[in-house]
Each structure stands twice: as C-alpha cells, then as structure tokens.
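Coordinate inspection notes
Here is how the chains run, residue by residue.
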Amino acid sequence: MQSYVHVILAGLSSGMFIWLVASGLTLIFGVLGVLNFAHGSFYMLGAYCCFTVLKYLGAGYWAGLLLGPLAVCAAGFVVERFFLRHVYRIALPYQLLLTFAFVLIFDNLVKIVWGGGALSPPSLSFLGGSVPILGRNFPVYSLFIIAVGPAVAILLWLLLEKTWYGRIIRASSSDREMAASLGVRVPALFTGVFVFGTWLGALGGGLAVPYVGLLTPGMGETIIIEAFIVAVIGGLGSLKGAFVGALVIGVLSAFGTRFFPAFDMFLTFILMGGVLLWRPQGLFGAAR
Amino acid sequence: MKAETRNSAAAAAVLLSLCAVPFLAGKFTAYLTMRIMLLGIFAVGYNLLLGQTGLLSFGHGAFYAAGAYGLGLLGVHVSTHPLLGVAAGVAAAVLLALLVGYLCVRHTEIYFAMLTLAFGMMAFSFFWNAREITGGDDGLIGIVRAPVSLFGGIDIPIGKDGQFYFFVLFFFALSMWAAHRIRQSPFGLALAGIRENARRSEFAGVPVRRYRLAVFVLSGAFAGLAGSLEALLESNARPFMAHWTHSAEPVLVSLLGGLSSLAGPLVGGAIFVAMREIIQRFTENWMLWFGIVLLVIILGFRGGVMGTLSGLFRKAAAPGEG
C-alpha cells in the first residue's frame, strides 16, 4: 500500500514535468498549427540557462528559475520571427524539418557553450529535504512540482478563457483571416504565443534542474518524445488532453519502472496504440 | 521515348562509374560510396512513401534496424549465408512494417508522422532494453561476412571490403530498378493520385488505405534491405539505427535532393554523406553546420538540388519565361 502511494506520487511529479513541456507544445500547435520539434531544445536550454544563473551569477534558485527561461524566450523569438513565420503556409514536412534543424543547432550550441559532458547543479537548500509520508521519506521538491503543474494549468485556463487576450488568441487560431480583418495583428500575436510556449517549455527545464540531477545535451530529446505522445493521446491542440495525458503517462511509467523495469517504455506505447485504435483523434481531440 | 533512352543512358553511366570506383579510388572512397549506396537504398524506398504518396513517416529507422537485427540474429543463431541473412532482414522489416503500418495508415499528415515516430521509438527501446536478444546498448556484435555460396558449389567471397562492394552494388542496382518500376507502374500512379487528392482517388475506386499500407510495407522492405547490408558492412547491429534522429535521415536526404524524381534521393544521399565527411574534417560541430544548411534549403531551395537544377535548365532553355 505504502509503495503504491509513493509510486503514484513519483508518477505525478514526473507527469507534471511532461505536462509543462507538453502544454507549450500544445498551445503552439493549437494556435499556430505548427508541431515544434525544437520544443525539447527549449526545455534543455531552460535547464542550462537556469543552471548558469545559479552557478555563475551566484544568485539563488528562484532567480535562476525566473531569469533562465526568460533568456530562452529570446531564442524562441528569433526562431518564430525570422524562420518559422516563413513556413506556415507550406507543406508539413518542411515545417517539421525546420524545427528539426533547430534541434540540431541548439544541441550543438549547448555542447559548444557548456561542454558535451553532464553537469551536476548545486543542491537546493530550500525545498531540498524530504518529508515522511506513510512511513517513507518523499522529497519536498517533488511535492512542490505536483503543486506547480496544476497551478500552471489553472493560470493557462484563466488566461485563455477569461481574458481579452485569450479571446483574441482563440479567435485567431480558429480563423486567422477573419481575426486579421477585424484588426488583430495576427503575426505579432503568433510571435507572442510562440514565445509564451517557449517560456513554458523552458520553465519546465528550469524546474527540472534540481530534479534530474544531471544536465546533458540530449535531455531535450527524451522529453520531446514523451510530450509528443502525451499530445497525441490527449488530442492534438487540446490543453485539457495534454494535462490528463501527462498524468496518465507519468503514473503509468512510474508503475512500469517500479514493477516491470525491462518494459517501462512499452507500457506508454501500448497505451498510446490502444487509445488511438479506440479514439483516433485522441481523448479530448475534436473529431476530424 | 527520347527521355527514356536518355534516362537509361544516364543509369548505365552511373552504374559503370560505380563499378570503377574500387579500382580507381582509394579504400576510403570505396567505403564512402558503399555508405552512399546504403543511404540511397533507404532514401529511394522511403521516397516512395514521402515523395510519391505524400506520407511523412518519422519511424523508418525501426525497419532499418529490423533489417540489421534480422540478418544479425539469423547469422548468430542459424546460418551465416549472406543471401539468407538479407532475406531474413527484409522479412523482419516487412513484418514490422505490416504491424506498424496497419495501425498508422488510417491517419494522415501530422498524426501519421507522430504515430510512426512513436512506434519507431518503441522499436528503439525494444532493441535497447532486450539485452538477452539484441545485446542492448552494445549492439549485436559478431556478424560475419561468410562467402555467398550458390548452387552448392560456387563460393563468392565477400569478406574484404573490395569484394563486399560489389555485393552492395548488386542490391543497389536491383533496388533502383525496382523503385523505378514501382514508380512507373499503375500502382505508382495510383499512389501519386492519393497524394494529390485522397478522396477523389477513393471515389475513383482506389482502395486508398490498402494502397497506403502496401507502399508503407514496400518502403519498409527497402529500409530493411539497407539495414541488413549495413549490418554486414559494419559487422554489427545497433539500437541507434532505430532512433528518430536516424529516421530523419531519409527525410532530409529526400528533401535535399528533391522529392519529385528517382534521382533526387540518390543525389541527396551523396551530398549528405559527402557533406558530413567534409564538415567533420574541419570541425566537430557538424550538427550545427548541418542544421544551418538545412535551414537554407528549406527557406531558399525547396525543390531540392534536382528541382533547383531542372528549374535552372528550364530557364536556360526558355529565357524570358522565368
């Protein structure tokens, strides 16, 4: 019983990381219609930038978490404003490949700037301990992550459903031409949404710094596959779906790692195959 | 008719110069030429799916790896006959492609791309995790190049790279011929129709989903052939072959050379291998430079090398039409 609770908690916290990355990916896909391969790279850059602020500026973790992802937003701005903007209207392979090119570029830039080896960040003083839950110690930081995920979800929901900006974003995503003719500056809006999505991914990376232990140049590639799977299971473009999908995947793979270590990746894929056979458009996707 | 003669002449010239490579050029050039031919088989088969049918798969590395492991496992446990090995590799790739394709072809566009990506990574994690069968992250080692024995008596040795070159060349030529025939066949034309307008093809009586599955399995067979030949060339099979970055290679190569012709992916493959060699010679950061080249192609030369070239020729032939 105790071990089940712990496995579920561990699954929830890893699921919340996937959610943070998948939320930015889903938002960008939902509004811009572009599947951003480089989103995992923004996650990685977020982690490295946060680490740098922590280590070289001597600032605390919270400063790193604030400044690191902001720095990554600059990269997101350059990608959308000077490159991605030119391929919205052309065939899908080119869009995917354009963002794939940025995966190669960012991975390599990270190797040039920070070196190819793994970096281990300094340990946290605050939120660093663990609390006893049902007789076993559980890291406080994981509990913090479990709280951050839903908080981000609620803020996103409020932003999109309750604010004027949210209405503009929803209007532009469902009919770009109509929104433009009503006076919405759609290109600027798309840049804004892309940069915001970038920030969400980079925030996930920054939050991951104390959690993953080691930073490696390949850390974005693992998470992007998981975020893709979550986005497919939830239904492409559906934030609600991404949230539920991330929770399910997180808990499922935690159970997999605990009870079937040789097949933990498989459980995820079996789930995805099953969902798609049953509901091809994903759990919360609109029927096509 | 005229174009046909010109094409066969070009094909014969390419074949002859490929035959001459091991005699005229150094060992390393011959090795690189083999790598180009392998990538060419992979990419030309793949382009039946992407260029001809308009389906973007990001998981063909899985079939490449299935080819390599199929040959490797047969070689380690049953028989080291290279032709049987290649047959086993292709068969393994075909079976896997049938399974994956059955689940994926009901979708198109972005869903198809992501599904194939996910199933490709599933194959990757299988090859990585099933250590007892596949050797895990060390790969499957100890694959040998036994002589090709024909009709019980004749043994053709392929142990040395200079001998193995012609083994690769044989399958390369066979693949190019097969791909050409498939593109020209009524089946190939139906695939192009599906690419242009799937619904209209459906109304015209083309069983769209079955044709998509058929071309998916065919392209998987090409990938398996290339993979099994690489296993013989490098004497091992590695999980990385199924990784999504490897699955991206035929996509890159097809776009680099041009989607619309048979020669496109071949030219793209040659450029890809050459570019990687040259960039790696000057700098460790080949991914960075390759990414930049890719950006230039996508933003500036979307027809690929072949498309851009034929556009230039057209312009030169008919000035003022632009």
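Relevant structure appears above.
Notes on the structure in this doc start here. Since we're looking at a predicted model, the values are computed, not measured.

Quick notes on the overall build of chain B
What chain B contains, in helices and strands, is 14 helices and 4 strands. For chain B, whose C-alpha radius of gyration is 20 Å, the value lies close to the compact-globule estimate of 20 Å for 322 residues. On the principal axes, the C-alpha backbone points of chain B span a range of 60 × 50 × 45 Å. Taking all 322 residues of chain B together, 50% fall into the buried category. In chain B, once contacts between residues fewer than 6 apart in sequence are set aside, the share between residues at least 24 apart is 73%. When the accessible surface of chain B is totalled, it reaches about 14700 Å², and 66% of it is carbon and sulfur. Charged side chains in chain B number 22 positive and 15 negative. The centres of these two groups are separated by 10 Å.

A few points about the overall build of chain A
Counting its secondary structure elements, chain A contains 11 helices and 2 strands. Across chain A, helices and strands are ordered from the amino to the carboxyl terminus as α-α-α-α-β-β-α-α-α-α-α-α-α. Its C-alpha atoms give chain A a radius of gyration of 19 Å, within 12% of the compact-globule value 19 Å for 288 residues. For chain A, with 288 residues in total, the buried portion stands at 55%. Looking at charge distribution, chain A has the averaged site of its 15 positive side-chain charges lying 6 Å from that of its 8 negative ones.

Quick word on the interface of chain A and chain B
On the chain B side, the residues contacting the 44 residues of chain A number 40 residues. Roughly 4000 Å² is buried in total at the junction of chain A and chain B, and carbon and sulfur atoms are behind 83% of that figure. In this structure, the connection of chain A to chain B is made through 0 salt bridges. Counting the contacts that link chain A with chain B gives 1 residue pair in polar contact (both at pLDDT 80 or more). Taken together, the elements giving at least two residues each to the side of chain A that touches chain B come down to α4 (92-114), α9 (219-234) and α11 (264-278) of chain A. Here the element with the most residues in the side of chain A that touches chain B is α4(A); it accounts for 17 residues.

Some points on the nonpolar core
One finds A:Trp19 and A:Leu207 to be the most contacted residues of the largest nonpolar core, which totals 194 residues. When sequence neighbours within four positions are dropped, the list of residues in contact with A:Trp19 reads A:Gly149, A:Val152, A:Ala153, A:Leu156, A:Leu239, A:Ala242, A:Phe243 and A:Ala246.

Things to note about the packing of helix α5 (residues 140-162) of chain A against helix α6 (residues 164-174) of chain A
Residue and element names in this part refer to chain A. Packing of α5 against α6 brings their axes to within 5 Å, and their N-to-C directions diverge by 75°. Judged on the interaxial angle alone, α6 and α5 are roughly perpendicular. Contacts from Leu-159, Leu-160, Glu-161 and Lys-162 in α5 reach Trp-164, Gly-166, Arg-167, Ile-169 and Arg-170 in α6. In terms of residue class, the contact of α5 with α6 is built from 4 nonpolar, 1 polar and 4 charged.

Here we look at the side chain of A:Ser13
All names here are of chain A. Inspection of the secondary structure puts Ser-13 in helix α1 (residues 2-32). Taking the relative accessible area as the measure of exposure, Ser-13 reaches 1% and is therefore buried. Of note is the side chain of Ser-13, whose polar atom sits 3.2 Å from the side chain of Tyr-211. Ignoring anything within four residues of it in the chain, the contact list for Ser-13 reads Ser-142, Ile-145, Ile-146 and Tyr-211.

Overview of the state of the cysteines
Residues and elements named next belong to chain A. Per the stated rule, a full pass over the model turns up 0 disulfides over all chains. Just so you know, Cys-73 is unpaired, no disulfide at all, and the nearest cysteine sulfur is the one on Cys-49, 10 Å from it. Relative accessible area serves as the criterion here: at 11%, Cys-73 is assigned to the buried category.

A short note on the environment of A:Val209
Residue and element names in this part refer to chain A. Locating Val-209 in the fold gives a position in helix α8 (residues 186-212). Exposure remark for Val-209: the relative accessible area of 1% places this residue in the buried category. Not counting residues within four places of it along the chain, the set of residues in contact with Val-209 comprises Ala-47, Cys-50, Leu-54, Tyr-61, Pro-121 and Leu-215.

Some details on the packing of helix α4 (residues 82-104) of chain B against helix α10 (residues 208-234) of chain B
Residue and element names in this part refer to chain B. At a closest axis distance of 7 Å, the pairing of α4 and α10 adopts a crossing angle of 145°. The way α4 lies across α10 gives a crossing that is right-handed. Listed contacts from α10 to Pro-82, Val-86, Gly-89, Val-90, Ala-93, Val-94, Ala-97, Leu-98, Val-100, Gly-101 and Tyr-102 of α4 are Leu-213, Phe-216, Val-217, Gly-220, Ala-221, Gly-224, Leu-225, Ser-228, Leu-229 and Leu-232.

Details of the packing of aromatic side chains
On inspection of all chains with the given rule, the structure shows 37 aromatic pairs over all chains. Members of the aromatic cluster, joined through ring pairs, are A:Phe37, A:Phe100, A:Phe228, B:Phe58 and B:Trp244. Sitting over the ring of B:Tyr102, B:Arg106 keeps its end group 5.3 Å from the ring centre. Positioned above the aromatic ring of B:Phe164 is the side chain of B:Arg145, whose terminal nitrogen or guanidinium carbon lies 4.4 Å from the ring centre.

Observations regarding a nonpolar patch on the surface
Residue and element names in this part refer to chain A. There is a patch of nonpolar side chains on the surface, built from Leu-57, Leu-66, Leu-67 and Leu-70 and spanning about 420 Å² of accessible area. Topologically, Leu-57 is positioned in the loop between α2 (39-56) and α3 (61-82). Leu-57 gets classed as exposed once you look at its relative accessible area, which sits at 62%.

What to know about the pairing of strand β2 (residues 136-139) of chain A
All names here are of chain A. Pairing of strand β1 (residues 130-133) with β2, which is carried by 4 bridges, proceeds in the antiparallel orientation. Its bridge partner being in β2, Ile-133 is matched across the sheet by Arg-136. Hairpin remark: β1 followed by β2, antiparallel, with 2 residues in the connecting loop; positive phi at Leu-134, about 50°.

Thoughts on the pattern of salt bridges
Residues and elements named next belong to chain B. Counted according to the given criterion, the structure contains 7 salt bridges over all chains. Across the salt bridge formed by Arg-238 and Glu-230, the nearest N and O atoms sit 2.9 Å from each other. In this structure, Glu-249 engages Arg-276 in a salt bridge whose closest nitrogen and oxygen atoms are separated by 3.6 Å. Of this pair, Glu-249 sits in helix α11 (residues 244-257) while Arg-276 is found in helix α12 (residues 263-282), placing the two residues 27 residues apart along the sequence. A relative accessible area of 12% means that Glu-249 is categorised as buried. Within the structure, one salt-bridge network assembled from shared partners comprises Arg-35, Glu-230, Glu-234 and Arg-238.

A word on the environment of A:Val7
Structurally, the position occupied by A:Val7 is in helix α1. Not counting residues within four places of it along the chain, the set of residues in contact with A:Val7 comprises A:Ala254, A:Phe255 and A:Arg258.

Rules and cut-offs
- Residues numbered from 1 in each chain as written.
- Chains lettered and ligands numbered in written order.
- Predicted model: local features only at pLDDT ≥ 70, side-chain atom pairs only at ≥ 80, totals over all residues.
- Heavy atoms only, no water.
- Helix = DSSP H or I, 4+ residues; strand = E, 2+ residues; numbered from the N terminus.
- Rg over C-alpha atoms; globule rule 2.2 N^0.38 Å.
- Buried < 20%, exposed > 50% of the residue type's maximum accessible area, 1.4 Å probe, protein only.
- Contact = heavy atoms within 4.5 Å.
- Areas by Shrake-Rupley, 256 points an atom, 1.4 Å probe, with all protein chains shown as cover.
- Lys, Arg positive; Asp, Glu negative; His and termini not counted.
- Charge placed at Lys NZ, Arg CZ, Asp CG, Glu CD.
- Buried area = accessible area lost by both parts, 1.4 Å probe.
- Salt bridge = Lys/Arg side-chain N within 4 Å of Asp/Glu carboxyl O.
- Polar contact = N/O pair within 3.5 Å; in protein donor to acceptor, adjacent residues only side chain to side chain.
- Core = buried A, V, L, I, M, F, W, Y, C linked by side-chain atoms within 4.5 Å.
- Axes fitted to C-alpha atoms, helices over the stretch in contact; angles between N-to-C directions.
- Parallel < 35°, antiparallel > 145°, perpendicular 65-115°, else oblique.
- Nonpolar A, V, L, I, M, F, W, Y, C, P; charged D, E, K, R; others polar.
- Disulfide = S-S within 2.5 Å.
- Left-handed = near helix turned anticlockwise from the far one by under 90°.
- Phe/Tyr/Trp six-rings, centres within 6.5 Å; stacked < 30°, edge-to-face > 60°.
- Lys NZ or Arg CZ within 6 Å of the ring centre and 35° of its normal.
- Patch = residues over 30% accessible without salt bridge, like charges linked within 9 Å, V, L, I, M, F, W, Y side chains within 5 Å.
- Pairing = 2+ DSSP bridges.

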